[in-house]
Amino acid sequence: MRASGNGRPEQCAANLLKIIRGEIPFDRLKGIEAAIIDNPMQQASASLEADAEWVIKTYEPRVDINEINVKALLETGSAEPQHRIVADIIIKKEEV
């Protein structure tokens, strides 16, 4: 199912990137590929940028992506610190 104007395009795109591919029962392609996170940061960065672009173009056609920046964050506060990959996306709204 594609977007139908049911929310702000920026928020809908951000929500798409929080989904792991395979977790939506009737749309197993929606979301980011989980295997990307296990790659080294240099490889994960390029893969995540490409995957994020595909997901947004496929499921949120109301936005154009100008730029995707990927970074790794170290989450602390637990017994073992863990890395989390975060994508900052600069989105240009399409003019209607």
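Structure's up top.
Bear in mind the structure is a predicted one, so any value in this text is a computation, not a measurement. (Residues numbered from 1 in each chain as written. Predicted model: local features only at pLDDT ≥ 70, side-chain atom pairs only at ≥ 80, totals over all residues. Heavy atoms only, no water.)

> Explain the overall build of the chain to me, and be specific about the residues and the numbers.
Helix and strand counts for the chain stand at two helices and two strands. By residue count, 26% of the 96 residues in the chain fall in the buried class. Contacts spanning at least 24 positions in sequence make up 48% of the contacts within the chain whose residues lie at least 6 apart. Accessible area of the chain: about 6,600 Å², with a carbon and sulfur share of 51%. (Helix = DSSP H or I, 4+ residues; strand = E, 2+ residues; numbered from the N terminus. Buried < 20%, exposed > 50% of the residue type's maximum accessible area, 1.4 Å probe, protein only. Contact = heavy atoms within 4.5 Å. Areas by Shrake-Rupley, 256 points an atom, 1.4 Å probe, with all protein chains shown as cover.)

> Pulling in residues and values, what's your account of the pattern of salt bridges?
A complete count under the given rule lists five salt bridges for this structure. Across the salt bridge formed by arginine 8 and glutamate 10, the nearest N and O atoms sit 3.9 Å from each other. With a closest N to O distance of 3.5 Å, arginine 21 and glutamate 33 form a salt bridge. With arginine 21 in the loop between helix H1 (9-16) and helix H2 (41-59) and glutamate 33 in the loop between H1 and H2, this pair connects stretches of sequence that are twelve residues apart. Here the salt bridges share partners, and the residues they tie into one network are Arg21, Glu33 and Asp51. (Salt bridge = Lys/Arg side-chain N within 4 Å of Asp/Glu carboxyl O.)

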